[in-house]
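Observations on chain architecture
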Amino acid sequence: MTDHISNAQRAEVLTAALPYIKKYNGRVVVVKYGGNAMVNEQLKQQVMEDITLLWLIGVKVVLVHGGGPEINETMSRLGKQAKFVDGLRVTDKETVDIVQMVLAGKINKTLVNLIQMKGGHAVGLSGIDGGIIEATMKNQALGYVGQITKVRTQPITDLLEKNYIPVISTVASDRQGNVYNINGDTAAAFIAGALGAERLIMMTDIAGILKDRNDPSTLIPRITVREARALYDSGIISGGMIPKVDCCIEALERGVNNVVIMDGRIPHSILMELLTNEGAGTMVTKG
């Protein structure tokens, strides 16, 4: 495709991006990375390119990631069955060890490595490092699934000041040293809030908030918190979308400027969202 773009068109594209580059230069943008964009190898490469490009133009990018599918795969290789209650993983002592190994180990370092191959400088952290995320047990029945009690931003801001991209896996600990699995969307919302981020981007496997969930053309491009709550009542926001939108509202209430629920299956959707007037997905604002 690039063969068909003339140099003049390239220059035009870059010039059009200039106001957005100015807007986000030096600002914190938190990207919650998950879903299909994490599983599909080509999309994964493109997301890491987007993040590196944003970093190169002076955006302070923080990447927060989960890794559900890979945890499931590792558990089944080890002969353990994944159990879920209301969409949350039941996490016994052995499972939390696997979660920590996969998230804070394999996935985290793979992403750091990818960013560095693209020319960025990244440092991998887990919520345990520097006490970034403190948590308590959410519910006895779920086991080691954490409820966040505190976010300590110092290790993240130290890295941002030294011009690194922090890549954070969503495991946490408590004062007694217990380790907890944290929902990735929730962790991203709390971290973005604590950092007072300009924007939180939630990558998902859907186009955004749809009036009709079977029709992508019914995408709602912009919505306020009040409008979102009305859509709960009317059933337009339902099922797995409810916790996602809850996390958006949580982030806004904690001090994030705006939040976007975005289709991570679209190549370079992060750049489309931040550097064009089109955007991608649904933007949720305080209103």
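Report follows, based on the coordinates.

1. Thoughts on helix 3 (residues 41-56)
In an α-helix there are 3.6 residues to a turn, and that puts residues three or four apart on one side. Between its first and last C-alpha, helix 3 extends 23 Å over 16 residues, near the 22 Å set by a 1.5 Å rise per residue. Looking only at helix 3, the buried set comprises Leu-43, Lys-44, Gln-46, Val-47, Met-48, Asp-50, Ile-51, Thr-52, Leu-54 and Trp-55. Positive phi appears at Gly-58, one or two residues downstream of helix 3, with a value of about 95°.

2. Describing unusual backbone geometry
Positive phi, close to 70°, is recorded for Asn-163, a residue that is not glycine. Mapping Asn-163 onto the fold places it in the loop between helix 6 (154-161) and strand 8 (165-169). On the basis of relative accessibility, which here comes to 45%, the residue Asn-163 falls in the partly exposed class.

3. A few points about the environment of Ile-148
You can see Ile-148 is positioned in strand 7 (residues 146-151). The spacing of Ile-148 and Val-28 is 120 residues in sequence and 21 Å in space, taken between C-alpha atoms. With residues near it in sequence (within four places) discarded, Ile-148 still touches Ile-133, Glu-134, Ala-135, Ile-182, Thr-186, Ala-187 and Phe-190.

4. Comments concerning the nonpolar core
Counting residues in each nonpolar core, the largest one holds 48 residues, and the members touching the most others are Val-30, Val-62, Leu-200 and Ile-209. Not counting residues within four places of it along the chain, the set of residues in contact with Val-62 comprises Val-28, Val-29, Val-30, Val-31, Ile-156, Leu-160, Pro-166, Ile-168 and Leu-195. Counting residues in hydrophobic clusters, the runner-up holds 41 residues, among them Met-48, Ala-122, Ile-270 and Met-283.

5. Here we look at the packing of helix 8 (residues 225-233) against helix 9 (residues 241-253)
One can describe the packing of helix 8 onto helix 9 by two numbers: an axis separation of 11 Å at closest approach and a directional angle of 155°. By the angle class used here, helix 8 and helix 9 are roughly antiparallel. Along this stretch, helix 8 crosses helix 9, giving a crossing that reads as left-handed. Across the interface between the two elements, Val-225, Ala-228, Arg-229 and Tyr-232 from helix 8 touch Ile-242, Val-245, Asp-246, Ile-249, Leu-252 and Glu-253 from helix 9. Here the residues of the contact of helix 8 with helix 9 sort into seven nonpolar, no polar and three charged.

6. What to know about the sheet that holds strand 14 (residues 282-285)
A sheet is described by the order of its strands in space; here eight strands give the open sequence 5-8-2-1-11-13-14-12, paired in mixed fashion. Each end of this open sheet is capped by a strand with a single partner; those strands are strand 5 (122-126) and strand 12 (222-224). Pairs of neighbouring strands in the sheet enclose a mean axial angle of 20°, with direction left out of account. Alignment of strand 12 against strand 14, held across three bridges, turns out to be parallel. Its bridge partner lying in strand 14, Thr-224 is registered against Thr-285. Sitting on the sheet, helix 8 is in contact with strand 12 and strand 14, with an inclination near 90° to strand 12.

Cut-offs and rules
- Residues numbered from 1 in each chain as written.
- Predicted model: local features only at pLDDT ≥ 70, side-chain atom pairs only at ≥ 80, totals over all residues.
- Heavy atoms only, no water.
- Helix = DSSP H or I, 4+ residues; strand = E, 2+ residues; numbered from the N terminus.
- Expected span 1.5 Å × (residues − 1).
- Buried < 20%, exposed > 50% of the residue type's maximum accessible area, 1.4 Å probe, protein only.
- Contact = heavy atoms within 4.5 Å.
- Core = buried A, V, L, I, M, F, W, Y, C linked by side-chain atoms within 4.5 Å.
- Axes fitted to C-alpha atoms, helices over the stretch in contact; angles between N-to-C directions.
- Parallel < 35°, antiparallel > 145°, perpendicular 65-115°, else oblique.
- Left-handed = near helix turned anticlockwise from the far one by under 90°.
- Nonpolar A, V, L, I, M, F, W, Y, C, P; charged D, E, K, R; others polar.
- Pairing = 2+ DSSP bridges.

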